[in-house]
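# Examination of the molecular architecture
Residues per chain, in single letters:
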Amino acid sequence: MSTPAASQELGAFLRAHRELLKPADVGLTATARRRTPGLRREEVASLSGVGLAWYTWLEQGRVTASRQVLEAVARALRLDAAGLRHAMRLAGYHEPAAPGGDTGPDRLAAAVQPVLDSWPTSPAVLLDRHFDLLGWNTPWAALWGPPEAVPADRRNLMWLMAADRRLREVLHDWEPLAMNVFQHFRAQAGPALADPRTGEVYRHLDADAPELRHWWGCHSVAELTARTVTVEPAGIGPVRLTLSSFHPVDDPTALVLLFTPADPAARTRMTALLDHPLRSAG
């Protein structure tokens with residue numbers, strides 16, 4: 001079940017999305033006297049098939065919603081798949097465990113490590129649902145630096161994206177990818193006030209990258225989308241890598257990120273980086 005803190009966070013999430021919608025987005029006609037940003041509560045309640053008082057209490061964190069009702073509210077607010085999943089998590093509805101899957105992080109890392117190592121020129125990493133790094137291959141360490149050098153409580157992709165200056169220096173167009181990682185984390189990890197590790201990650205971010213505080217105060221969520229990024233390790237030249245991701249069968253809440261060289265030149269430069277990994281230090 002959802003905790004009171006998570007219920008408050010769910011209410012804030014729904015309110016933020018309600019205020020982003022325009023009447024025309026849901027087939028309504030705006031009036032000249034409209035003062036409320038976005039939709040009114042009564043409009044969302046009507047579109048969802050629930051009472052105004054009940055919907056108001058939902059935004060205030062005073063009631064709980066069934067899956068079916070929350071799905072109706074999500075449709076009214078035009079939430080995408082990531083937004084619906086995030087709302088369900090905040091309401092206490094988590095995905096069922098994988099079949100036969102009581103797979104702990106050590107067992108999962110041991111099972112996936114041979115897969116990571118099978119990509120000799122493609123940086124790859126295994127993340128748990130909090131985006132903590134459970135495993136990585138040699139190209140990942142050569143490009144971004146060895147994760148062992150990062151304190152264990154900060155060995156997290158969110159922290160690396162926000163606070164690791166070297167990653168920012170190596171990665172071109174850092175901000176769009178970093179923002180997408182943050183949006184996906186928000187959809188994946190669960191409510192900060194109800195999940196101890198999520199709360200700890202946010203506290204580290206707040207302490208180590210306070211200039212980005214507005215990022216984790218935002219309510220937007222999104223899937224992590226495939227894209228091509230450019231990295232430029234010292235002495236190697238620009239390398240184009242295609243990012244893809246997938247969930248291990250043993251634990252669908254975990255995530256593997258794979259950066260594949262986008263062309264023969266990129267593969268050649270990744271090989272050069274692996275031959276001289278110290279070139280990337282800087």
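Quick notes on the rules
- Residues numbered from 1 in each chain as written.
- Predicted model: local features only at pLDDT ≥ 70, side-chain atom pairs only at ≥ 80, totals over all residues.
- Heavy atoms only, no water.
- Axes fitted to C-alpha atoms, helices over the stretch in contact; angles between N-to-C directions.
- Helix = DSSP H or I, 4+ residues; strand = E, 2+ residues; numbered from the N terminus.
- Parallel < 35°, antiparallel > 145°, perpendicular 65-115°, else oblique.
- Left-handed = near helix turned anticlockwise from the far one by under 90°.
- Contact = heavy atoms within 4.5 Å.
- Nonpolar A, V, L, I, M, F, W, Y, C, P; charged D, E, K, R; others polar.
- pLDDT = per-residue confidence, 0-100.
- Pairing = 2+ DSSP bridges.

### A few points about the packing of helix α2 (residues 41-48) against helix α3 (residues 52-59)
- Look at α2 against α3: their axes get within 9 Å of each other, and the N-to-C directions meet at 110°. In this view, α2 runs roughly perpendicular relative to α3, as classed from their interaxial angle. Here α2 and α3 pass one another in a crossing that is right-handed. Contacts between α2 and α3 involve Arg-41, Glu-42, Val-44 and Ala-45 from the former and Leu-52, Tyr-55, Thr-56 and Glu-59 from the latter.
- Residue classes in the contact of α2 with α3 are distributed as four nonpolar, one polar and three charged.

### Examining the confidence of the model for the protein chain
- Confidence along the protein chain averages 86 in pLDDT terms, with 89% of residues attaining 70 or more.
- Mean pLDDT across the secondary structure elements of the protein chain bottoms out at helix α12 (residues 213-216), with 82, and peaks at strand β2 (residues 133-136), with 97.
- When the criterion is pLDDT under 50, residues 97-102 qualifies, and its contacts beyond four places in sequence or with other chains add up to four contacts.

### With respect to the sheet that holds strand β1 (residues 124-127)
- Strand order in the open sheet formed by five strands is β2-β1-β5-β4-β3, with antiparallel pairing between adjacent strands. For this open sheet the edge positions go to β2 and β3 (227-231), each flanked by a neighbour on one side alone. Each neighbouring strand pair of the sheet contributes to a mean axis angle of 25°, computed without reference to strand direction.
- Pairing between β3 and strand β4 (residues 239-246): five bridges, direction antiparallel. Bridge pairing in β4 links Val-231 to Val-239.
- Against the sheet, helix α6 (residues 105-117) makes contact with β1, β2 and β5 (255-261), and its axis sits at roughly 30° relative to β2, the strand it touches most.
- Those strands touched by helix α13 (residues 264-275) are β4 and β5, and its axis lies near 90° from that of β4.

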